[in-house]
Amino acid sequence: MLQNRMRLTGQRPWRVFVLHFRCKELQRAVEEIMKTLKKLSKADELAPVGNYDQCKREEEKRLLTLYERLQSLAVQLKPHDEMAGPSSSQRDQENEEENSDEEDVSSEDEDAEEEVKDNYDNDNDDDDDNADSGDEDISPTASGQGSVSYIALSAFKGEEEGDLSIQKGEGLEVLSKNKDGWWLAQNSRGQTGLVPKTFLKPSSPQDSERKDEDVDEGESEEEEEESSKTSNWNTVRKAVTEIDATDVLSAMGAIPPGFRPSTLSRLLEEGRSYRASHFIQPKLSQSQLSFKDLHMDPDTGKVHGRPSRVSLTLTLWSCRMIPPPGVGLQVLSRHVRLCAFNGTQVLSNIHTVRATYNSKSPKTWSFSPRMTGMLPCLLDGDCFLRCDSESPDLGILFELGVTYIRNSTGERGDLSCGWAFLKLFDESGAPIALRTQELTVHGGTPFEKDSDMDTTSTKRGYPTGVFQQMLLSRKIPKLVVKLKSVNTRSRELLNLLPDTIVGSLSTVHLLATYRQILADALLLDRVTMYNADLICSSVLASFPDVLDQPDLMDAFRKSWTESESNLRRSDKRDINVLKQMFVSVYMGSVFPLLYSAEMPAPCWADEEVESQRARIIYSPSQKTSVETLLSSQSSHQAFDITQVSYDLISSAQH
């Protein structure tokens with residue numbers, strides 16, 4: 001095959017040697033990158049990265065595949081004499097000939113090298129497209145195609161080491177894209193660093209041609225022909241992988257300019273790392289031989305309460321002057337997601353509260369609607385927050401979002417309508433006053449600066465008169481939040497929870513009881529503290545899954561309230577009675593629903609699925625018992641050992 005290739009291309013053996021050595025150099029470069037990647041840890045990342053271990057494994061696999069392909073190509077380019085084992089004198093003679101010829105025909109070497117590299121890159125593109133069609137991990141902007149040109153939408157000043165400061169309109173080359181929204185870019189001066197992707201837009205073909213004419217004015221005609229061969233494929237790749245749905249919607253005028261893809265919803269989709277089911281679990285100490293946030297009081301046999309740096313309750317009141325999306329989108333849900341945030345990193349789970357909407361005032365959102373019966377926790381604006389972070393910039397991040405479906409294509413998506421940040425400590429480190437706060441809603445993402453929600457209010461400049469400023473202030477989007485002090489009873493329950501967690505205030509008593517059952521199993525019932533065997537407990541194994549499904553939590557609260565009303569006043573304070581009732585109510589109401597074959601899987605903002613689940617949950621025929629569960633008419637999922645076994649190693653926070 002090599003001889004045929006040489007005969008067709010007219011290559012001489014010394015030119016094949018050059019390409020062979022080039023493959024060897026690329027192999028060594030890949031080896032160095034793999035060694036560096038193995039030494040990296042999650043703490044080395046400048047910004048939060050979800051599913052870090054999985055991304056790292058996939059990147060190592062990708063580098064290994066590239067290494068194997070380079071090795072295969074090097075074997076193909078290896079001359080026949082060398083494969084047969086040439087003598088040392090022959091090697092010296094060939095090397096001398098090669099060195100003497102390289103100076104005379106260097107341009108021909110570069111052409112041959114680029115030709116083989118292009119053929120190899122095209123093969124890699126086909127393979128990589130098939131392998132990476134569903135991946136979103138950290139990867140180069142275009143496999144084998146080099147960097148992609150972008151233009152800065154606005155100025156960005158780097159605040160941390162590794163950031164790249166850019167000016168508005170500056171041309172950049174994006175070298176790699178990270179899932180967290182920070183891209184590695186290089187400016188015209190050769191400086192590299194991280195830049196938020198929301199500050200960049202792909203350069204148009206006209207811009208690229210203009211830039212090529214200015215920078216590469218003296219390039220040869222052969223290089224222009226080679227670039228034209230791949231220009232179409234670069235355009236297709238950019239359209240498929242880099243143009244976001246929000247860019248299309250913004251161009252259509254379907255959404256205001258301050259809307260962005262939802263940052264917090266992306267984190268929720270990555271796995272359980274930012275869900276309450278993860279943060280309710282006990283946290284291991286540094287030695288991983290004990291628990292950091294779960295201790296028993298030896299005198300009372302109860303969980304020892306642990307105060308946290310921040311432990312408060314808050315109420316979402318309303319959102320005002322929130323610009324609605326355009327007519328081309330059907331809004332499925334309006335909601336606010338909140339979490340603990342220090343300016344650069346999400347520190348807690350992400351809690352969601354759905355807003356109610358009145359068509360008569362489309363720019364106003366409200367919470368906690370009045371209704372008969374129990375208010376669903378998804379609509380409850382009363383929340384609690386605990387966080388033990390020592391960061392001076394600790395606060396609460398609120399992201400206003402909508403889940404939409406496009407009328408023309410049926411495509412679903414999550415948009416951020418803006419964000420607000422409430423810093424919980426002043427410059428001196430003292431906690432802020434617990435009162436009603438009116439927070440300004442900013443456009444863009446929390447990593448952007450000075451992004452307006454709507455440019456219509458500032459088209460004519462900012463008014464100077466007091467009356468005009470008052471009128472303008474009423475048009476600025478606002479989020480109204482009321483911070484409240486915690487009463488004694490609620491403080492006792494909150495101190496039983498993990499040091500960092502956010503949730504609905506209506507579920508605190510259930511979470512505290514679960515933590516007590518968890519402490520009994522981990523601290524009292526285990527033979528030794530070094531025993532990591534599976535614990536047979538359906539409650540411990542499955543309750544975290546229920547915590548991520550608000551409709552099942554509402555069913556649990558309803559059954560709990562009915563059972564608690566039959567208790568005596570003294571029993572309501574008896575922790576042993578409450579633990580027994582927790583297990584009884586949970587196993588009799590929620591556990592069968594969780595693994596029922598008739599229950600559809602939860603789907604966010606899908607009205608049909610939510611209605612089906614509600615009919616099954618609150619149907620009178622769903623009153624389960626041991627007899628109904630064992631009857632032939634009862635249908636449930638196939639049994640899995642994970643339904644009844646609690647794995648301490650995989651569940652605990654490390």
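This text goes with the structure placed above it.
Note that the structure is predicted; figures quoted are calculated from it, not measured.

A. Region of interest: the overall build of the protein. When its secondary structure is counted, the protein shows 20 helices and 20 strands. Evaluated residue by residue, the protein yields a buried proportion of 42% over its 654 residues. Contacts in the protein between residues at least 24 apart in sequence constitute 72% of all its contacts with a sequence separation of at least 6. A total accessible area of about 35,700 Å² is found for the protein, and carbon and sulfur atoms account for 50% of it.

B. Local environment of helix α18 (residues 607-617). Of the residues making up α18, those classed as buried are Val609, Arg613, Ile616 and Ile617. Viewed along the axis of α18, the buried residues span an arc of 95°, placing them on a single side of the element. α18 presents Glu607, Glu608 and Arg615 as exposed residues on the side facing more than 90 degrees away from its buried surface. Packing partners of the buried residues in α18 comprise α16 (550-564) and α17 (575-594). Near the N-terminus of α18, the side chain that reaches the backbone nitrogen of Glu608, with its oxygen 3.2 Å away, is that of Asp606.

C. Broad picture of the pattern of salt bridges. Per the stated rule, a full pass over the model turns up 16 salt bridges. Of the charged contacts, one joins Arg489 and Glu492 as a salt bridge, the two residues approaching to 3.7 Å between their closest N and O atoms. You can see Arg489 and its partner Glu492 sitting in helix α13 (residues 488-494), 3 residues apart, about one turn around the helix. Classification of Arg489 as partly exposed rests on a relative accessible area of 37%. Exposure remark for Glu492: the relative accessible area of 42% places this residue in the partly exposed category. Arg557 is the partner of Asp554 in a salt bridge, and the nearest nitrogen-oxygen pair spans 3.0 Å. Separated by 3 residues within a single helix, Asp554 and Arg557 lie in helix α16, roughly one turn from each other.

D. Representation of the packing of helix α14 (residues 508-524) against α16. Interhelical geometry of α14 versus α16 gives an angle of 85° and a closest axis separation of 11 Å. Here α14 lies roughly perpendicular to α16, going by the angle between them. Residue-level inspection shows His509, Leu510 and Thr513 of α14 in contact with α16, the latter providing Met553, Phe556, Arg557 and Trp560. Partitioning the contact of α14 with α16 into residue classes produces 4 nonpolar, 2 polar and 1 charged.

E. View of the state of the cysteines. Counted according to the given criterion, the structure contains 0 disulfides. No disulfide involves Cys417; its nearest neighbouring cysteine sulfur is the one of Cys319, lying 9.3 Å away.

Each value, and the rule that gives it
- Residues numbered from 1 in each chain as written.
- Predicted model: local features only at pLDDT ≥ 70, side-chain atom pairs only at ≥ 80, totals over all residues.
- Heavy atoms only, no water.
- Helix = DSSP H or I, 4+ residues; strand = E, 2+ residues; numbered from the N terminus.
- Buried < 20%, exposed > 50% of the residue type's maximum accessible area, 1.4 Å probe, protein only.
- Contact = heavy atoms within 4.5 Å.
- Areas by Shrake-Rupley, 256 points an atom, 1.4 Å probe, with all protein chains shown as cover.
- Arc of directions from axis to C-beta.
- Polar contact = N/O pair within 3.5 Å; in protein donor to acceptor, adjacent residues only side chain to side chain.
- Salt bridge = Lys/Arg side-chain N within 4 Å of Asp/Glu carboxyl O.
- Axes fitted to C-alpha atoms, helices over the stretch in contact; angles between N-to-C directions.
- Parallel < 35°, antiparallel > 145°, perpendicular 65-115°, else oblique.
- Nonpolar A, V, L, I, M, F, W, Y, C, P; charged D, E, K, R; others polar.
- Disulfide = S-S within 2.5 Å.

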